[in-house]
Amino acid sequence: MDRLNKIICTFLCSVSLVFASQVVLADDENPLKDPGFERQLSPDVGGWTLFGGSWFSSEQSRRGRNSMLHSTFFDVAGSFQEIPAKPGSKWRLTGYGLTPVPLWGDPAFGVVQVSFFDANGNDLGTVETAGNPFPALASNQVNGSSPAGEWIFLDTGIATAPEGTVSIQAFTLYVDFSGFEAQTVFFDDLKLCAIEFDDGEEECREFDDDDDDDDDDDDD
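Let me sum up the structure you'll find in this document.

What counts, and at which threshold
Residues numbered from 1 in each chain as written. Predicted model: local features only at pLDDT ≥ 70, side-chain atom pairs only at ≥ 80, totals over all residues. Heavy atoms only, no water. Core = buried A, V, L, I, M, F, W, Y, C linked by side-chain atoms within 4.5 Å. Buried < 20%, exposed > 50% of the residue type's maximum accessible area, 1.4 Å probe, protein only. Helix = DSSP H or I, 4+ residues; strand = E, 2+ residues; numbered from the N terminus. Pairing = 2+ DSSP bridges. Polar contact = N/O pair within 3.5 Å; in protein donor to acceptor, adjacent residues only side chain to side chain. Phe/Tyr/Trp six-rings, centres within 6.5 Å; stacked < 30°, edge-to-face > 60°. Lys NZ or Arg CZ within 6 Å of the ring centre and 35° of its normal.

### What to know about the nonpolar core
Ranked by size, the top nonpolar core spans 28 residues in total, and within it Trp91 and Leu192 carry the most contacts. At the level of secondary structure, the elements contributing two or more residues to this core comprise β5 (90-98), β6 (108-117), β9 (152-160), β10 (167-176) and β11 (184-198). It is β11 that provides the largest number of residues to this core, a total of 5 residues. One finds Phe51, Phe109, Phe171 and Val175 within the second-largest nonpolar core, a separate group that totals 9 residues.

Below, the structure is given as structure tokens:
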């Protein structure tokens, strides 16, 4: 499993250095562009950067018409966006994942995941994963024990930005080194929440024009 984690970390870090997406707001509390994958936007207009076996799909959807599909054989597939972030800021990524048929073999799983990066593109991980050689913070999994055909709520929990942070990257990921072909996981309705606390209650911070100049193109 350590070897697999190293493969995933190395692959994601190299992908992150190559691609960066323009930030455009989806709604007042969610800085992700097209979090429901309805508009199938390319990264040059602020949409999702796709890698591996990844497509926008109308085969499954939790709401609307579309979702994100990942299907891969002995590899990692995924999509991501990059959002500005400051040291000490707290974030939480949630969403939903579904496998239409039972996943076989191990490892074969889907997650949503976050990690923080510095100005040089170095993966800082999160405060919660300090000292971990594979520092990204991942959600619970869609895996072989998940009920097929059912949308599973995915939640990374709170991720705190380390010193030197300039951005956070939010991922959907499907990892499959099981040896079984044609396995898939779908993702839909993602939300990246910048956490604030009011009288001890967790809230999502609202974003405004000062956070982004392009919020006229909001998602439904």
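Still more to cover.
### A look at the pairing of strand β4 (residues 75-84)
Strand residues, when the strand is regular, have side chains that alternate between the two faces of the sheet. Along β4, 8 of the 10 residues are buried, which leaves the element largely enclosed by surrounding structure. Alignment of β4 against β10, held across 10 bridges, turns out to be antiparallel. Counted as the bridge partner of Gln81 is Ala170 from β10.

### Let's talk about the environment of Trp48
Here Trp48 shows up in the loop between α1 (2-18) and β1 (49-51). Accessibility expressed as a relative area gives 1% for Trp48, which makes it buried. For Trp48 and Gly78, which are 30 residues apart along the polypeptide, the C-alpha to C-alpha distance reads 9.6 Å. In terms of polar contacts, Trp48 uses its side chain to reach the backbone carbonyl oxygen of Lys33, at 3.2 Å. A distance of 3.0 Å separates a polar side-chain atom of Trp48 from the backbone oxygen of Asp34.

### A few points about the packing of aromatic side chains
Applying the stated rule across the entire model yields 8 aromatic pairs. Ring centres of Phe37 and Trp48 lie 5.2 Å apart, and the angle between their planes is 45 degrees; on these two criteria the pair is classed as tilted. With Phe37 in the loop between α1 and β1 and Trp48 in the loop between α1 and β1, the pair connects residues that are 11 residues apart, well separated along the chain. Residue classification places Phe37 among the buried positions, given a relative accessible area of 0%. Taken together, the ring pairs connect Phe37, Trp48 and Phe56 into an aromatic cluster. Between Arg62 and the ring centre of Tyr96, over which it is positioned, the NZ or CZ distance is 3.6 Å.

Honestly, it's all geometry; don't read function into it.
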